[in-house]
Amino acid sequence: MTTGFPLFPPGFTFGAATAGYQIEGAYDEDGRGPSIWDTFSHTPGRTAGGATGDTACDHYHRYPEDVALLRGLGVDSYRFSVAWPRVQPDGRGPVNEKGLDFYDRLVDELLAAGISPAVTLYHWDLPQALEDRGGWRVRETAEFFGAYASLVAERLGDRVGRWMTLNEPYCSAFVGYAEGRHAPGAREGTGALAAAHHLLLAHGHAVRALRAVGAREVGIALNLDRIEAASDSAADLAALRRAETLHNEVWTEPLLAGRYPQDEAATWGELADGSYRRDGDLGIIGASLDFLGINFYRPVTVADTALPIRRSAVDIGVRETDPYGTRHTTMGWPVVPRSFTELLVGLRDRYPGLPPVFITENGSAEADTVEAGTVHDAERVSYLHDHLHALRAAMEAGVDVRGYYVWSLLDNFEWARGYTQRFGIVRVDYGTQQRTPKDSYRWYRDLIASHRSHHARKQDHS
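Computed from a predicted model, the values in this text were never measured in an experiment.

Take the overall build of the protein chain next. When helices and strands are counted, the protein chain shows 15 helices and 15 strands. Here the C-alpha radius of gyration of the protein chain, 21 Å, is about what a compact globule of 462 residues would show, namely 23 Å. Along the first, second and third principal axes, the C-alpha set of the protein chain runs to 60 × 55 × 45 Å. Buried residues in the protein chain amount to 60% of all 462 residues. Considering only residue pairs separated by 6 or more positions, the protein chain has 76% of its internal contacts joining residues 24 or more positions apart. Accessible surface, the protein chain as shown: approximately 16,500 Å² in total, 49% of it carbon and sulfur. In the protein chain, 47 side chains carry a positive charge and 62 a negative one; their mean positions are 2 Å apart.

Next comes the structure, spelled out in structure tokens:
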């Protein structure tokens, strides 16, 4: 492990990130409508221990306390998501003013603390009313999303500079509509591929809406994987191409290169019939980005298996292997910092003209130790330390990275895993809602302070 804090250039943004359904609670207050995650989590057997986001971290009522934690951390920016069903309970039609009022208060609280708000418009909580109309399988959802983006930007755009349209559309389309592990819990083929396309189309409509109200920085947050083949065999290399198509190129090719992935037919066969596409869609999807957000946690190594009957969009004849021989987080994910560098450099090499990058999520779930009111999480400190050094290595190799958001500020509702996983640099006691900064909070605070002190000294001597 490299010792010491990595050095970042002046103006580099340090931030922390959360998501609405994972922390807000207040699921039925002030006019908020139900989302697909309300429905999913209230369905027996869908989440660990039957957990829901009904209360979560009660951020809806405790946001001043959470902003104070951000201020103490010293971050430049806070990334949070707006809950679509809080703003439009049915996903369309008139705005719910009380819902937007909450985000007004949060943005003002952040600005008063000297923290720049960074808004994600969609972090998986589709209004249930739209799912009932077909959800992301149907084109009209993308069009409704553009109208929703306008409503939010018109209210908050005078104070919010950085916008992300979608968070991890891979999870929305494939974990939600193909694997069935996330809301809405479907296992589909063409329906999941249609969802992926309509999510991209929604992004394009939202970019147009944000630009129309003068948004200064517009991007998207993708969870891209560094994927390797288990061997150099022709079969494993073909499996690698299919996995790249599913995990990465569905998003990066239309967004960054203006084309659809070249290996669609090999990956999905007859499921990839393109019936959900129309002429002109690529032009909408490929609207210019001010930045690309990347969420990164782990590498993936794949091997070929006998190609199954393609019943869902994730049945592509690959299996994951684990050749790393390294520590794993409590999510079961291998810790391989070099893969972070390799992903970023590889992306830059594949897409000339890649827009500036923000790391919009990076962190780890760990088994924290609580002793006399203090929370020790040495594994998380090690993870963050090594991945920030890996990030700096990518920057030294020429990747234009402008900022880093740690995931997550708070322990929270970890989707289908309920409250069994803790990603936060602040511990949350879900019974009392007490917040306790962990060792990782103090480490990240000290890194930010060291960064500022270093550049202040340089400026004094110039």
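What follows is about helix H7 (residues 139-156). Counted at 1.5 Å a residue, the expected span for H7 with its 18 residues is 26 Å, and the 26 Å between its end C-alpha atoms agrees. For H7, every residue scored as buried is listed here: Arg139, Thr141, Ala142, Phe144, Phe145, Gly146, Tyr148, Ala149, Val152, Ala153 and Leu156.

Moving on: the state of the cysteines. In this structure the tally under the stated criterion is zero disulfides. Cys57 carries a free sulfur, and the closest cysteine sulfur to it, the one in Cys171, is 19 Å from it. A relative accessible area of 9% places Cys171 in the buried class.

Bringing the nonpolar core into the picture now. Trp136, Phe145, Trp163, Phe174, Trp251, Leu391 and Tyr444 are the most contacted members of the largest nonpolar core, which has 141 residues in total. Considering every element that reaches this core, the biggest residue donor is helix H9 (residues 190-212), with 13 residues. Excluding anything up to four places from it in sequence, Phe174 contacts Glu179, Ala192, Leu193, Ala196, Leu246, Val250, Trp251, Trp268, Ala313 and Val314. Among the nonpolar cores identified, the runner-up in size contains five residues, and Ile227, Leu240, Ala243 and Val302 belong to it.

Quick look at the pattern of salt bridges now. Within the structure shown, the criterion is met by 42 salt bridges. Salt-bridge contacts for Arg242 lead to Asp304; the nearest nitrogen and oxygen are separated by 2.9 Å. Highlighted residues: Arg242 in helix H10 (residues 234-257) and Asp304 in strand E8 (residues 299-304), separated in sequence by 62 residues. The exposure class of Arg242 is buried, given its relative accessible area of 10%.

Checked against the element boundaries, His203 lands in helix H9. Among the polar contacts made by the side chain of His203, one reaches the side chain of Thr165 at a distance of 2.7 Å. Apart from residues lying up to four places away in sequence, His203 is in contact with Thr165, Leu166, Gly219, Ile220, Leu255, Ile285 and Leu289.

Our focus in this paragraph is the sheet that holds E8. Working definition: the strands of a sheet are paired by backbone hydrogen bonds and lie parallel or antiparallel to each other. The strand order across the open sheet formed by three strands is E6-E8-E9, and the pairing between neighbours is mixed. The open sheet has two edge strands with one neighbour each: strand E6 (226-229) and strand E9 (318-321). The average undirected angle you get between the axes of adjacent strands in this sheet is 40 degrees. This element, helix H13 (residues 338-350), spans E6 and E8 of the sheet and lies at about 100 degrees to E6.

Residue Ala183 is joined to Pro184 through a cis peptide bond whose omega torsion reads 10 degrees. Mapped onto the elements of the fold, Pro184 is located in the loop between helix H8 (169-179) and H9. Look at the link from Trp407 to Ser408: it is a cis peptide, with omega at 5 degrees. Relative to the elements of secondary structure, Ser408 occurs in the loop between strand E13 (401-407) and strand E14 (426-428). Of note, the phi angle at Ala56 is positive, near 50 degrees, even though the residue is not glycine. Looking at the element boundaries, Ala56 is found in the loop between helix H2 (36-41) and helix H3 (59-73). Exposure remark for Ala56: the relative accessible area of 5% places this residue in the buried category. One non-glycine residue, Ala372, lies in positive phi territory at about 50 degrees. For Ala372, the position within the fold is in the loop between strand E11 (369-371) and strand E12 (374-376). The class for Ala372 is exposed, based on a relative accessible area of 85%.

Here is what the cut-offs are and how they apply
Residues numbered from 1 in each chain as written. Predicted model: local features only at pLDDT ≥ 70, side-chain atom pairs only at ≥ 80, totals over all residues. Heavy atoms only, no water. Helix = DSSP H or I, 4+ residues; strand = E, 2+ residues; numbered from the N terminus. Rg over C-alpha atoms; globule rule 2.2 N^0.38 Å. Buried < 20%, exposed > 50% of the residue type's maximum accessible area, 1.4 Å probe, protein only. Contact = heavy atoms within 4.5 Å. Areas by Shrake-Rupley, 256 points an atom, 1.4 Å probe, with all protein chains shown as cover. Lys, Arg positive; Asp, Glu negative; His and termini not counted. Charge placed at Lys NZ, Arg CZ, Asp CG, Glu CD. Expected span 1.5 Å × (residues − 1). Disulfide = S-S within 2.5 Å. Core = buried A, V, L, I, M, F, W, Y, C linked by side-chain atoms within 4.5 Å. Salt bridge = Lys/Arg side-chain N within 4 Å of Asp/Glu carboxyl O. Polar contact = N/O pair within 3.5 Å; in protein donor to acceptor, adjacent residues only side chain to side chain. Pairing = 2+ DSSP bridges. Axes fitted to C-alpha atoms, helices over the stretch in contact; angles between N-to-C directions.

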